[in-house]
Amino acid sequence: MTAWRGADLISIRDLGREEIEKVLDRAQTIRPDSSLLRGRVMASLFFEPSTRTQLSFATAMERLGGSVIGFSGVEGTSIQKGESLYDTIKMVERYADVIVIRHPLEGSARFAADVAQIPVINAGDGANQHPSQTLLDLFTIRRFCGRLDGLSIGMVGDLKYGRTVHSLATALTHFEGVKLRLISPPLLRMPPRILEEELRGKIEFEETEELELSDLDVVYMTRIQRERFPDVEEYERVKGAYILDLEACRQLKPEAIILHPLPRVGEIDPEVDRLPQAKYFEQAASGVPVRMALLSLILLG
Amino acid sequence: MEEKEELKVSKIAEGTVIDHIRAGRAPLVLKILGIEAGFPDSVIVAMNVRSTRYGKKDIVKVEGQFLDEEKINKIALISPQATINIIRSYKVVKKDQVELPKRLVGIVKCPNRNCITNSPEGVETIFHTEASAGGPRLRCHYCEESVELAEVELL
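How each quantity is defined
Residues numbered from 1 in each chain as written. Chains lettered and ligands numbered in written order. Predicted model: local features only at pLDDT ≥ 70, side-chain atom pairs only at ≥ 80, totals over all residues. Heavy atoms only, no water. Helix = DSSP H or I, 4+ residues; strand = E, 2+ residues; numbered from the N terminus. Expected span 1.5 Å × (residues − 1). Buried < 20%, exposed > 50% of the residue type's maximum accessible area, 1.4 Å probe, protein only. Contact = heavy atoms within 4.5 Å. Domains from an automatic or database assignment. Buried area = accessible area lost by both parts, 1.4 Å probe. Pairing = 2+ DSSP bridges. Right-handed = clockwise from strand over helix to strand, strands pointing away. Polar contact = N/O pair within 3.5 Å; in protein donor to acceptor, adjacent residues only side chain to side chain. Patch = residues over 30% accessible without salt bridge, like charges linked within 9 Å, V, L, I, M, F, W, Y side chains within 5 Å. Areas by Shrake-Rupley, 256 points an atom, 1.4 Å probe, with all protein chains shown as cover. Salt bridge = Lys/Arg side-chain N within 4 Å of Asp/Glu carboxyl O.

### Quick notes on helix H2 (residues 51-63) of chain A
Residues and elements named next belong to chain A. Counted at 1.5 Å a residue, the expected span for H2 with its 13 residues is 18 Å, and the 18 Å between its end C-alpha atoms agrees. Thr53, Ser56, Phe57, Ala58, Ala60 and Met61 are the residues of H2 that are buried. Buried residues belonging to H2 abut strand E1 (41-46), strand E2 (67-72), strand E3 (98-103), strand E4 (120-125), helix H5 (131-145) and helix H11 (287-300). Positive phi appears at Gly65, one or two residues downstream of H2, with a value of about 85°.

If you want it as structure tokens, here you go:
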């Protein structure tokens, strides 16, 4: 990919440093402007619900003066009557200027992009990709740490099923001197295919079971999601293995930041919220400027 | 083809000789060629015969068949060193090394059950070949799952 105008955003693997920085730079300067995307329509096709992503894309479009059509969940739509994804896309491309899609099947967003004449943004295709989440993670890190090069970043918890950490680690390979510490129980280690194919030789990383945080610039927490586990027993065994509470936070450098893609289910003690390092709500808020930047780049260049 | 092996298996008049098949994989080649019970033409199969280049190899000779690109691509997947010899009047008129194409359409099944190509949407599979330390791999165009050549399941 070279230029953003008219481009699809399907996978973080399609982006290099230049494309990533273009989005982060635009997100840093963009402000609400009701004339920028006036008359433009974003189709928001959420084949499964996702509160945060759906709302922040819609807010981003509205803040730039555009309008939003679409659905969240397939109940009451013609999809429930058996309409194919292909037909849905061929219809919607005639109604809108850009498509934002979340779909439970992996590869659905790429398929939609291949089929559609208008740009497609992947807002999550099953366990595969959710690139705008990675961009907002990078934006938040750069905003609070001042840079992306040379950082020590700890990823904690479910590194096996956690799509956000796989994509973030892949994206960080484009930056210089980043050190990754992968902190997880053995059962939830980052998959060997990610370590070997995406990271080995491209970024410095270490794996550990210890919640050792003292020298990190960023602590990226993850939720241990029940729905990713093949059986309940495995889930119960590892749930709550890595909890960030005030005691654990004593190790943190004063300028370190704590991130979490949210929603959390107990892996960060609410008491941690009042620490200056807690930045996960700012991270969620970054979803709006980052998605405003994406929509403006894709629709206007 | 080396003269020594020519003595072991008889020649065909018109057709294709697939040589240097990875030892033990001739049955897979037969499957790709659609050769099963009731096949009408001459087929000669040699398995685990000596090869100066690879130690052991398999050979398949099929009378009257000339392979299309899809079949050649499939053979490249299961045996990247294979050579395809076109025979006319008992003579090799063309000899080609199979080559793994950059893009494989409708040939390989995606191992990811949750991939759109395994759904009722009816999306044809597309795989891209990628170089890696352990030899070439395939990556699903849609779900991005990567597959080792040895694990490939053909459609």
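### Considering the domain arrangement of chain B
Residues and elements named next belong to chain B. For chain B, the assigned domains read domain 1 (15-97) and domain 2 (103-154). Taking only C-alpha atoms into account, the centre of domain 1 sits 24 Å from that of domain 2. Facing the seven residues of domain 1 at the interface are seven residues of domain 2. Interface of domain 1 and domain 2: buried area, both sides summed, is about 610 Å²; carbon and sulfur atoms make up 80% of it. Among the residues of domain 1 in contact with domain 2, Asn73, Lys74 and Leu77 are the three that bury the most area, contributing 67% of the side total.

### Digging into the environment of Leu213(A)
Among the secondary structure elements, Leu213(A) is positioned in the loop between strand E7 (204-208) and strand E8 (218-221). Aside from chain neighbours lying at most four places away, what touches Leu213(A) is Arg181(A), Ile183(A), Val219(A), Leu244(A), Ala248(A), Gln251(A) and Leu252(A).

### Re the pairing of E7(A)
All names here are of chain A. Two strands pair when backbone bridges link them, and strand E6 (residues 179-183) and E7 are joined in this way by five bridges, in the parallel orientation. Bridged to Leu182 within E7 is Glu207. With helix H7 (residues 192-199) bridging E6 and its parallel neighbour E7, the resulting β-α-β unit is right-handed.

### Section: the side chain of Lys90(A)
Residues and elements named next belong to chain A. By the element assignment, Lys90 lies in helix H3 (residues 85-92). Residue class for Lys90 comes out buried when judged on its relative accessible area of 19%. Among the polar contacts made by the side chain of Lys90, one reaches the side chain of Glu93 at a distance of 3.0 Å. Excluding residues within four positions of it along the chain, Lys90 makes contact with Val115 and Gln117.

### Details of a nonpolar patch on the surface
Together, Ile69(A), Met91(A) and Tyr95(A) line one region of the surface with nonpolar side chains, adding up to about 280 Å² of accessible area. For Ile69(A), a relative accessible area of 36% puts it in the partly exposed group.

### Notes on H11(A)
Owing to its 3.6 residues per turn, the α-helix brings residues three or four apart onto one side. Residue and element names in this part refer to chain A. Compared with the 20 Å implied by 1.5 Å per residue over 14 residues, the 19 Å span of H11 between its first and last C-alpha is a close match. Along H11, 12 of the 14 residues are buried, which leaves the element largely enclosed by surrounding structure. Within two residues after H11, Gly301 carries a phi angle of roughly 95°, on the positive side.

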